[in-house]
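The lines below spell out each chain.
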Amino acid sequence: MASTARSSSTLLKRFLATRLNQSRSVTYMPRPGDGAPRAVTLIPGDGIGPLVTGAVEQVMEAMHAPVYFEKFEVHGDMKAVPPAVIESIRKNKVCLKGGLATPMGGGVSSLNVQLRKELDLYASLVNCFNLPGITTRHDNVDIVVIRENTEGEYSGLEHEVVPGVVESLKVITKFCSERIAKYAFEYAYLNNRKKVTAVHKANIMKLADGLFLESCREVATKYPGIKYNEIIVDNCCMQLVSKPEQFDVMVTPNLYGNLVANTAAGIAGGTGVMPGGNVGAEHAVFEQGASAGNVGSGKEVEEKKANPVALLLSSAMMLRHLQFPAFADRLETAVKRVILEGQYRTHDLGGTSSTQEVVDAVLDALN
Amino acid sequence: MTKFCSERIAKYAFEYAYLNNRKTVTAVHKANIMKLADGLFLESCRQVATKYPSIKYNEIIVDNCCMQLVSKPEQFNVMVTPNLYGNLVANTAAGIAGGTGVMPGGNVGADHAVFEQGASAGNVGNEKLLEQKKANPVALLLSSAMMLRHLQFPSFADRLETAVKRVISDGKYMTKDLGGASTTQEVVDAVIATLH
């Protein structure tokens, strides 16, 4: 019994070594001075936010990564994001944040949305993919959802016409639709993706979603090497849960993107593990991929059992964005190894570990 | 030998090791004979090494280095050298690892980068190679993958590198220096076919 346990652990180690050993024969040739540390704005946020951003801080410290954080306290009950924070992000160009709590109703707008609009972070990107070690109903899922982040149903234009009657405006502009379509196709081109699917409901919202589709079609003609198709959002949801392998890059307006990203995240392993970020012409804000505004339940905060994987992988995306690919690779490899080994998992992945236990496992796995 | 140039090459070597997760930097010298010149080089390396406490630093005399390279090359990781020793060490290391026909490399300065075949870059081949069009394109193909990374197109670099590695590992299309009989164009066609 003991000998089979020993031999299976050796097999596992060898399996892990070959699967996760990332070595390039062709190296990166940095420019002199590329190793200078970069400043990144850090917003711990509310609820589980400080817990998961704390995890990132610990891992960055352990790797001696060339980043240093400028931390700012922002809470969901503030009226607006403090100008000092916006200034800092404008200066550093890159920000990492936890979720900010948004009260329901009451006419108070979400600070998460406000930040995206203020900095014109018009593209939200979520990568939903199977992580080795997490069994899900579907394998072969690798979807990137690119979602328009500034208009659509999130325009915040609502009014009560007469008591008991409310009108909510969904605004779709050619300008915003065009630039999100351009971003999606450029992303597909730069990352060797074969297909872009536009998600819409233009059979009902003929003008609004019709305008969105027109913009996507125009941009598609400029990328003849990339396949383009369209899918109505209700069919899309059904396809996502039955045959998700058919999707590659998906470009969507604001609300559908939120729902599609969360669905795709759910089928591929959960919102606790999917990385993502928001990008505009000049700035990038990295946060948990899907459900980024989620600040967790009271119990998660109390017991300190939030899943740090999503934000750790997003911070690896951030390291690549800052052009530190070797550090990004190390972080990603360590996180994937911890997930694969399966010993330290938080509640949402079926385990009982606390955030700190997962972080310690990642720190051990770093090399 | 100037402090200015020795310092900046040492800085580049340690920064490179830091950015690419390399564990050791070895300075190659002959300061027992050229006490002042190579001594100055070593001083600069030692100074820079103190700023990178997590990277191991050691020194090796160039003659011992050549001997070690051909007997136990696994001990070396990043090597920082003055001009002439670097030429010799690079060619030796390229030779033991597979030949100068396959090793990628480049030159970089504060503002520009020039990519060329890694070792023996000034080598223009002999008459026969030219006539028969049998030069090995692998080195420059891999250097161009380095260039794509330098230009921040990592996905394209990965595709190119994977295709070239697969052609090499399949072993069907190799030029004379690797023991085969293919022409340059045959190797290129194989790489292009693998890309799709």
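Residues numbered from 1 in each chain as written. Chains lettered and ligands numbered in written order. Predicted model: local features only at pLDDT ≥ 70, side-chain atom pairs only at ≥ 80, totals over all residues. Heavy atoms only, no water.

**Topic: the interface of chain B and chain A**
Each side of the interface is counted separately: chain B has 30 residues, and chain A has 27 residues. Between chain B and chain A, a total of about 2500 Å² is buried, with carbon and sulfur atoms accounting for 58% of that surface. Among the residues of chain B in contact with chain A, B:Tyr18, B:Leu19 and B:Arg149 are the three that bury the most area, contributing 23% of the side total. Our count for the contact surface shared by chain B and chain A stands at zero salt bridges. Residue assignment for the side of chain B that touches chain A shows that the elements contributing at least two residues are helix 1 (3-19), strand 4 (104-108), strand 5 (113-117), helix 6 (138-150) and helix 7 (154-170) of chain B. (Contact = heavy atoms within 4.5 Å. Buried area = accessible area lost by both parts, 1.4 Å probe. Salt bridge = Lys/Arg side-chain N within 4 Å of Asp/Glu carboxyl O. Helix = DSSP H or I, 4+ residues; strand = E, 2+ residues; numbered from the N terminus.)

**Things to note about the side chain of B:Thr26**
All names here are of chain B. Residue position: Thr26 is located in strand 1 (residues 24-29). A relative accessible area of 3% places Thr26 in the buried class. At 2.8 Å, the side chain of Thr26 forms a polar contact with the side chain of Asn58. (Buried < 20%, exposed > 50% of the residue type's maximum accessible area, 1.4 Å probe, protein only. Polar contact = N/O pair within 3.5 Å; in protein donor to acceptor, adjacent residues only side chain to side chain.)

**Looking at the state of the cysteines**
Residue and element names in this part refer to chain A. By the definition in use, this model includes zero disulfides over all chains. No disulfide involves Cys176; its sulfur sits 13 Å from the nearest other cysteine sulfur, which is in Cys216. Of all cysteine sulfurs in the structure, the one in Cys236 sits closest to Cys237, which takes part in no disulfide; the separation is 5.5 Å. Under the relative-accessibility criterion, Cys237 is labelled partly exposed at 29%. (Disulfide = S-S within 2.5 Å.)

**Quick word on the packing of helix 11 (residues 325-341) of chain A against helix 12 (residues 355-365) of chain A**
Residue and element names in this part refer to chain A. Where helix 11 contacts helix 12, the axes come no closer than 8 Å and their chain directions differ by 120 degrees. The pairing of helix 11 with helix 12 is recorded here as oblique in orientation. Pair helix 11 / helix 12 crosses with right-handed handedness. Between helix 11, through Ala334, Val335, Arg337 and Val338, and helix 12, the contact on the second element is made entirely by Ala361, Val362 and Ala365. Along the lines of polarity and charge, the residues of the contact of helix 11 with helix 12 split into six nonpolar, no polar and one charged. (Axes fitted to C-alpha atoms, helices over the stretch in contact; angles between N-to-C directions. Parallel < 35°, antiparallel > 145°, perpendicular 65-115°, else oblique. Left-handed = near helix turned anticlockwise from the far one by under 90°. Nonpolar A, V, L, I, M, F, W, Y, C, P; charged D, E, K, R; others polar.)

**Examining the pairing of strand 1 of chain B**
Residues and elements named next belong to chain B. A large share of strand 1 lies buried, amounting to six of its six residues. Burial along strand 1 is two-sided: the residues Thr24, Thr26 and Val28 and Val25, Ala27 and His29 are all buried. Where strand 1 lies against strand 2 (residues 56-61), six bridges are found, and the strand directions are parallel. By the bridge assignment for strand 2, His29 is matched with Ile61. Each parallel crossover has a hand, and the one from strand 1 via helix 2 (residues 37-49) to strand 2 is right-handed. (Pairing = 2+ DSSP bridges. Right-handed = clockwise from strand over helix to strand, strands pointing away.)

**A look at the UniProt feature "domain: Isopropylmalate dehydrogenase-like" (unreviewed entry) in chain B**
Listed under "domain: Isopropylmalate dehydrogenase-like" (unreviewed entry) in the UniProt record, and renumbered for this structure, are residues 1-191 of chain B. Regarding residues 1-191 of chain B, the helix share stands at 52% and the strand share at 13%, and the terminal C-alpha atoms are separated by 43 Å. (UniProt positions renumbered as here; feature names shortened; annotations may be inferred.)

**Re helix 8 (residues 184-195) of chain B**
Residue and element names in this part refer to chain B. The terminal C-alpha atoms of helix 8 lie 17 Å apart, and with 12 residues this matches the ideal 16 Å at 1.5 Å per residue to within 8%. Of all the positions in helix 8, only Val187, Ala190 and Val191 are classed as buried. One side of helix 8 holds all its buried residues, which, seen down the axis, span an arc of 100 degrees. Taken together, the buried residues of helix 8 touch helix 6 and helix 7. (Expected span 1.5 Å × (residues − 1). Arc of directions from axis to C-beta.)

**Some details on the packing of aromatic side chains**
What the rule picks out here adds up to 10 aromatic pairs over all chains. The interplanar angle of 65 degrees and the centroid separation of 5.2 Å between the aromatic rings of A:Tyr189 and B:Phe156 together place this pair among those described as edge-to-face. A residue pair is termed interchain when its members come from two chains, as with A:Tyr189 in helix 5 (residues 174-190) and B:Phe156 in helix 7. Judged by centre distance (6.4 Å) and plane angle (80 degrees), the rings of A:Phe324 and A:Phe327 are edge-to-face. Residue class for A:Phe327 comes out buried when judged on its relative accessible area of 1%. Members of the aromatic cluster, connected to one another through ring pairs, are A:Phe185, A:Tyr189, A:Tyr223, A:Tyr228, B:Phe153 and B:Phe156. Between the NZ or CZ atom of A:Arg147 and the centre of the ring of A:Tyr154, over which it lies, the distance is 5.3 Å. (Phe/Tyr/Trp six-rings, centres within 6.5 Å; stacked < 30°, edge-to-face > 60°. Lys NZ or Arg CZ within 6 Å of the ring centre and 35° of its normal.)

**A word on the sheet that holds strand 3 (residues 78-80) of chain B**
In a beta sheet, neighbouring strands pair by backbone hydrogen bonds and run either parallel or antiparallel. All names here are of chain B. Spatially, 2-1-3 is the arrangement adopted by the three strands of the open sheet, whose pairing is parallel. Of all the strands in the sheet, just strand 2 and strand 3 have a single pairing partner and so form its edges. Going across the sheet, the axis of each strand differs from the next one's by a mean of 30 degrees, ignoring polarity. Strands in contact with helix 1 are strand 1, strand 2 and strand 3; relative to strand 3, the strand with the most contacts, it is inclined by about 175 degrees.

**Observations regarding the environment of B:Leu148**
All names here are of chain B. Residue position: Leu148 is located in helix 6. For the pair Leu148 and Asp158, spaced 10 residues apart in the sequence, the C-alpha separation amounts to 9.1 Å. Once you skip the residues sitting within four places of it in the chain, Leu148 turns out to touch Phe153, Phe156, Ala157 and Leu160.

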